[in-house]
Amino acid sequence: MTENPIGVNLTRHIHQTQQAHPEATGELSTILNQIALAAKIVSRKVNRAGLADVLGYTGTENIQGEEVRRLDVLANDVFISAFDHLGNFCVMASEEVDEAIPIPDEYLCGGYSVAFDPLDGSSNIDANVSVGTIFAVHRKISFGPRGDNSDLMQPGNRLVAAGYVVYGSSTMLVMSTGNGVHGFTLDPEIGEFLESHRDIKIPEKGKIYSCNEGNYGYWTEGVRRYVDHIKESDEASGRPYSTRYIGSMVADMHRTLLYGGIFMYPGDLKKDPTTPHGKLRLLYECAPMAFLCEHAGGAASTGRGRVLDVIPESLHQRVPFFAGSTNDVRELESFVAKYEGA
Ligand code: AHM
Ligand code: MG
């Protein structure tokens with residue numbers, strides 16, 4: 001018989017990881033398998049999004065806009081209903097919902113909280129550009145029988161698992177439970193996530209910067225000077241850095257994890273002249289991506305320190321975000337320190 005003819009699917013990967021940790025309760029396995037199930041459902045919907053127009057799934061006016069909104073809501077509903085009854089979670093938070101989402105009374109509460117962005121970058125769907133789901137899992141720390149906001153508002157350095165699903169030319173789940181970062185590609189014929197990228201490592205230094213440079217005039221001086229700098233010839237290659245910006249965080253971060261370089265969403269002085277925060281949200285966008293970056297050997301910073309060390313102040317808090325190759329992120333930080341002071 002051929003050695004392991006079915007390869008390593010997500011369940012097998014989780015099983016192997018669990019065997020290496022005899023103290024594991026199996027709760028995380030249940031959670032990750034349920035994320036995979038929800039991702040398959042959303043993936044199918046996203047892949048059919050373009051057909052909505054043809055098949056007249058929605059009303060006659062503003063079909064594209066309606067469909068995008070509907071997909072956001074649908075992805076949100078899919079993930080909530082994948083999580084709420086498991087007995088593993090005590091509370092949830094979603095980009096789509098203002099307040100923390102409690103576990104319904106009829107279901108058991110468990111030892112973890114989850115924050116997620118069900119369909120990040122959904123404004124790109126009309127143009128058939130990749131979108132994604134991001135998730136972040138913490139241990140319950142509150143004392144009551146049901147969870148509360150404190151279970152969600154923990155710094156990223158206490159994450160126990162995080163990851164994303166990118167709905168692109170193929171659907172991929174990339175995740176870490178603290179033992180490396182691993183990627184699984186959905187085989188649509190058998191409906192399984194198969195291990196395709198074991199132990200992803202970000203190159204120490206890249207050649208790509210990724211940001212919405214249209215906002216250049218709103219950035220702080222250190223960030224502007226840094227971007228000016230990487231557009232000059234790089235000592236090693238004799239060429240400036242290349243720009244790649246999809247405008248869909250999951251897709252931009254996926255490329256950054258694989259190829260290296262730096263992804264940036266800097267603070268915006270126009271929106272907030274005193275403490276410029278960026279656009280991206282800490283709990284379900286920046287912290288989980290920072291967790292993956294660090295576990296892949298890279299770095300993630302607010303420009304002034306580790307994203308993972310930011311103490312959350314609110315559920316939908318935004319922070320400046322710079323992530324990718326360690327040398328690139330450190331260089332950005334040195335420009336911020338030099339031109340903006342401590
Ligand atoms: P969303 O959560 O409303 O989809 O917004 C987040 C998205 C990210 O995916 C992406 O990095 C960013 O917004 C792009 O913003 P901009 O259009 O300002 O460049
Ligand atoms: Mg988002």
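Just above sits the structure.
Our subject in this report is the structure included herewith.

Rules used in this analysis
- Residues numbered from 1 in each chain as written.
- Chains lettered and ligands numbered in written order.
- Predicted model: local features only at pLDDT ≥ 70, side-chain atom pairs only at ≥ 80, totals over all residues.
- Heavy atoms only, no water.
- Helix = DSSP H or I, 4+ residues; strand = E, 2+ residues; numbered from the N terminus.
- Rg over C-alpha atoms; globule rule 2.2 N^0.38 Å.
- Contact = heavy atoms within 4.5 Å.
- Areas by Shrake-Rupley, 256 points an atom, 1.4 Å probe, with all protein chains shown as cover.
- Lys, Arg positive; Asp, Glu negative; His and termini not counted.
- Charge placed at Lys NZ, Arg CZ, Asp CG, Glu CD.
- Pairing = 2+ DSSP bridges.
- Axes fitted to C-alpha atoms, helices over the stretch in contact; angles between N-to-C directions.
- Donors = N, O, S within 2.8 Å, 3.2 Å for Na, K, Ca; no water.
- Buried < 20%, exposed > 50% of the residue type's maximum accessible area, 1.4 Å probe, protein only.
- Near = heavy atom within 4 Å.
- Polar contact = N/O pair within 3.5 Å; in protein donor to acceptor, adjacent residues only side chain to side chain.
- Nonpolar A, V, L, I, M, F, W, Y, C, P; charged D, E, K, R; others polar.
- Domains from an automatic or database assignment.
- Phe/Tyr/Trp six-rings, centres within 6.5 Å; stacked < 30°, edge-to-face > 60°.

## Notes on the overall build of the chain
So, point 1. Within the chain, the secondary structure is distributed over 9 helices and 13 strands.
So, point 2. Relative to its length of 342 residues, the chain is compact, with a C-alpha radius of gyration of 20 Å against a globular reference of 20 Å.
So, point 3. C-alpha atoms of the chain, sized along the principal axes, occupy 55 × 55 × 50 Å.
So, point 4. A fraction of 64% describes how many contacts in the chain between residues 6 or more apart in sequence connect residues 24 or more apart.
So, point 5. Total accessible area on the chain is roughly 15700 Å²; 50% of this is exposed by carbon and sulfur atoms.
So, point 6. The averaged location of the 44 negative side-chain charges in the chain is 3 Å from the averaged location of its 30 positive side-chain charges.

## Brief notes about the sheet that holds strand β5 (residues 159-167)
So, point 1. The strand order across the open sheet formed by 8 strands is β2-β1-β3-β4-β5-β6-β7-β8, and the pairing between neighbours is mixed. For this open sheet the edge positions go to β2 (101-102) and β8 (192-197), each flanked by a neighbour on one side alone.
So, point 2. Direction of pairing for strand β7 (residues 182-187) relative to β8: antiparallel, over a ladder of 5 bridges. Bridge pairing in β8 links D187 to E192.
So, point 3. Along the sheet face, helix α7 (residues 249-259) touches β3 (112-120), β4 (131-139), β5, β6 (171-176) and β8 and points at about 105° away from the line of β5.

## Focus: the coordination of the magnesium ion (ligand 2)
Four donors placed tetrahedrally about a metal ideally form angles of 109.5 degrees, and six donors placed octahedrally ideally form angles of 90 or 180 degrees.
So, point 1. Distances from the magnesium ion (ligand 2) to its protein donors, E95 (OE), D117 (OD), D120 (OD) and E285 (OE), fall at 1.9 to 2.3 Å.
So, point 2. One chain supplies every donor for the magnesium ion (ligand 2), spaced along it as E-x21-D-x2-D-x164-E. Taken individually, D117 and D120 each receive the classification buried, so the pair is uniform in this respect.

## Digging into the site of ligand 1
So, point 1. Surrounding ligand 1, one finds 16 residues, the nearest of these being D120, G121, Y245, M249 and Y265.
So, point 2. E95 has a polar side-chain atom sitting 2.9 Å from an oxygen atom of ligand 1.
So, point 3. Within the contact set of ligand 1, an oxygen atom lies 3.2 Å away from a side-chain nitrogen or oxygen of E285.
So, point 4. Going through the elements one at a time, β3 and β11 (262-265) are the ones with two or more residues in the shell around ligand 1.
So, point 5. Partitioning the shell around ligand 1 into residue classes produces 5 nonpolar, 5 polar and 6 charged.
So, point 6. When residues are assigned to domains, the shell around ligand 1 turns out to be shared by domain 1 (10-197) and domain 2 (208-340), each giving three or more.

## Focus on the environment of L282
So, point 1. Relative to the helices and strands, L282 is located in helix α8 (residues 282-295).
So, point 2. Separated by 26 residues in the primary sequence, L282 and T256 place their C-alpha atoms 19 Å from one another.

## Considerations on the packing of aromatic side chains
To describe a pair of aromatic rings, you give the distance between the ring centres and the angle between the ring planes.
So, point 1. All chains considered together, the criterion is met by 8 aromatic pairs.
So, point 2. Of the aromatic side chains, those joined through ring pairs into one cluster are F79, F83, F89 and F116.

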